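# Results of the structural survey
Listed here are the chains, written in short residue letters.
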Amino acid sequence: AFKPALPPHWEKALLRAIGAARYAPNHRLTEPWRFHLLGPEAVRQVSELNAEIVTESKGAEVGAKKLKRWLEMPGWLVATCVRSSMRSAGT
(Lines give C-alpha, C1' and ligand atoms only; values in the text may rest on other atoms or scores of the structure.)
Protein backbone atom coordinates (compact mmCIF):
# COMPACT_ATOMS: atom_id res chain seq x y z
CA ALA A 1 0.00 0.00 0.00
CA PHE A 2 1.07 3.55 -0.69
CA LYS A 3 2.58 5.32 2.32
CA PRO A 4 3.20 9.05 1.80
CA ALA A 5 6.40 9.22 3.82
CA LEU A 6 10.07 8.82 3.06
CA PRO A 7 11.58 5.62 4.46
CA PRO A 8 14.26 5.81 7.14
CA HIS A 9 17.74 6.50 5.77
CA TRP A 10 16.40 7.61 2.38
CA GLU A 11 19.35 9.97 1.97
CA LYS A 12 21.81 7.06 2.00
CA ALA A 13 19.71 5.18 -0.57
CA LEU A 14 19.62 8.28 -2.78
CA LEU A 15 23.39 8.72 -2.64
CA ARG A 16 23.90 5.01 -3.46
CA ALA A 17 21.59 5.32 -6.49
CA ILE A 18 23.40 8.39 -7.79
CA GLY A 19 26.75 6.71 -7.16
CA ALA A 20 25.61 3.64 -9.10
CA ALA A 21 24.60 5.86 -12.03
CA ARG A 22 28.22 6.94 -12.33
CA TYR A 23 29.13 3.35 -13.16
CA ALA A 24 26.29 2.74 -15.61
CA PRO A 25 27.40 2.18 -19.20
CA ASN A 26 27.38 5.38 -21.22
CA HIS A 27 28.81 6.51 -24.52
CA ARG A 28 32.36 7.86 -24.22
CA LEU A 29 32.00 8.34 -20.47
CA THR A 30 29.86 11.42 -21.00
CA GLU A 31 27.63 10.72 -17.96
CA PRO A 32 24.63 12.46 -19.54
CA TRP A 33 22.22 12.13 -16.62
CA ARG A 34 21.20 14.94 -14.32
CA PHE A 35 19.33 14.60 -11.04
CA HIS A 36 16.90 17.22 -9.77
CA LEU A 37 15.27 17.21 -6.34
CA LEU A 38 12.00 19.07 -6.91
CA GLY A 39 10.71 21.70 -4.53
CA PRO A 40 7.06 22.15 -3.52
CA GLU A 41 6.11 24.48 -6.39
CA ALA A 42 7.61 22.23 -9.07
CA VAL A 43 5.90 19.19 -7.52
CA ARG A 44 2.57 21.03 -7.60
CA GLN A 45 3.03 22.02 -11.25
CA VAL A 46 3.97 18.49 -12.36
CA SER A 47 1.10 17.01 -10.33
CA GLU A 48 -1.43 19.44 -11.78
CA LEU A 49 -0.25 18.80 -15.33
CA ASN A 50 -0.54 15.06 -14.80
CA ALA A 51 -4.02 15.48 -13.29
CA GLU A 52 -5.11 17.48 -16.35
CA ILE A 53 -3.90 14.73 -18.67
CA VAL A 54 -5.59 12.01 -16.61
CA THR A 55 -8.81 14.04 -16.42
CA GLU A 56 -8.94 14.35 -20.22
CA SER A 57 -8.61 10.61 -20.72
CA LYS A 58 -10.32 9.12 -17.65
CA GLY A 59 -12.57 11.82 -16.18
CA ALA A 60 -12.56 14.39 -13.39
CA GLU A 61 -12.92 11.95 -10.51
CA VAL A 62 -9.88 9.90 -11.51
CA GLY A 63 -7.91 13.09 -12.22
CA ALA A 64 -8.72 14.47 -8.75
CA LYS A 65 -7.65 11.20 -7.09
CA LYS A 66 -4.39 11.21 -9.05
CA LEU A 67 -3.69 14.83 -8.06
CA LYS A 68 -4.29 14.10 -4.38
CA ARG A 69 -2.02 11.06 -4.41
CA TRP A 70 0.78 12.76 -6.32
CA LEU A 71 0.73 15.77 -3.98
CA GLU A 72 1.17 13.40 -1.02
CA MET A 73 4.33 11.81 -2.46
CA PRO A 74 7.46 12.97 -0.64
CA GLY A 75 10.94 13.41 -2.05
CA TRP A 76 10.50 13.95 -5.79
CA LEU A 77 13.74 13.14 -7.57
CA VAL A 78 13.72 13.54 -11.33
CA ALA A 79 16.42 12.02 -13.52
CA THR A 80 16.99 13.57 -16.93
CA CYS A 81 19.41 12.84 -19.73
CA VAL A 82 21.31 15.50 -21.65
CA ARG A 83 21.08 14.92 -25.38
CA SER A 84 24.35 14.92 -27.29
CA SER A 85 23.24 17.92 -29.39
CA MET A 86 22.73 19.88 -26.16
CA ARG A 87 26.13 18.84 -24.79
CA SER A 88 27.95 19.99 -27.90
CA ALA A 89 26.25 23.39 -27.60
CA GLY A 90 27.78 23.79 -24.11
CA THR A 91 24.69 23.06 -22.00
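Our structure is the block above this text.
Before going into details, it helps to say that this report is about the structure given with it. (Residues numbered from 1 in each chain as written. Predicted model: local features only at pLDDT ≥ 70, side-chain atom pairs only at ≥ 80, totals over all residues. Heavy atoms only, no water.)

## Structural notes on the overall build of the protein chain
Within the protein chain one finds 4 helices and 2 strands. Overall, the protein chain shows an N-to-C arrangement of helices and strands of α-β-α-α-β-α. For 91 residues, the compact-globule estimate of 2.2 N^0.38 gives 12 Å, and the protein chain exceeds it by more than 25% at 17 Å. Across its three principal axes, the protein chain shows a C-alpha extent of roughly 45 × 35 × 20 Å. Across the 91 residues that make up the protein chain, the buried fraction comes to 14%. (Helix = DSSP H or I, 4+ residues; strand = E, 2+ residues; numbered from the N terminus. Rg over C-alpha atoms; globule rule 2.2 N^0.38 Å. Buried < 20%, exposed > 50% of the residue type's maximum accessible area, 1.4 Å probe, protein only.)

## What to know about the packing of aromatic side chains
Taken as a whole and judged by the stated rule, the model has 1 aromatic pair. An angle of 65 degrees between the planes, with centres 5.5 Å apart, marks the rings of Trp-70 and Trp-76 as edge-to-face. (Phe/Tyr/Trp six-rings, centres within 6.5 Å; stacked < 30°, edge-to-face > 60°.)

## Some thoughts on the pattern of salt bridges
All chains considered together, the criterion is met by 3 salt bridges. Arg-44 serves as the salt-bridge partner of Glu-48, at 3.1 Å between the closest nitrogen and oxygen. Within this pair, Glu-48 and its partner Arg-44 are both found in helix α2 (residues 40-58), separated by 4 residues, close to a single helical turn. On the basis of relative accessibility, which here comes to 34%, the residue Glu-48 falls in the partly exposed class. Overall, Arg-44 belongs to the partly exposed group, its relative accessible area being 36%. Residue Lys-68 is joined to Glu-72 by a salt bridge in which the shortest nitrogen-to-oxygen separation is 2.7 Å. Taken as a pair, Lys-68 and Glu-72 lie in helix α3 (residues 60-72) at a separation of 4 residues, close to a single helical turn. Since its relative accessible area comes to 53%, Lys-68 is described here as exposed. Glu-72 gets classed as partly exposed once you look at its relative accessible area, which sits at 30%. (Salt bridge = Lys/Arg side-chain N within 4 Å of Asp/Glu carboxyl O.)

## Focus: the side chain of Asn-50
Structurally, Asn-50 is set in helix α2. Residue Asn-50 is classed as buried on the basis of its relative accessible area, which comes to 16%. Among all residues touching Asn-50, those that are not within four sequence positions of it are Lys-66 and Trp-70. (Contact = heavy atoms within 4.5 Å.)

## Observations concerning the environment of Ala-64
Relative to the helices and strands, Ala-64 resides in helix α3. By relative accessible area, Ala-64 is classed as partly exposed at 47%. In the structure, Ala-64 is positioned 44 residues away from Ala-20 in sequence and 36 Å away in space, judged by C-alpha atoms.

## Some words on the side chain of Ser-47
Among the secondary structure elements, Ser-47 is positioned in helix α2. Of the residues examined, Ser-47 reaches a relative accessible area of 0% and is grouped as buried.

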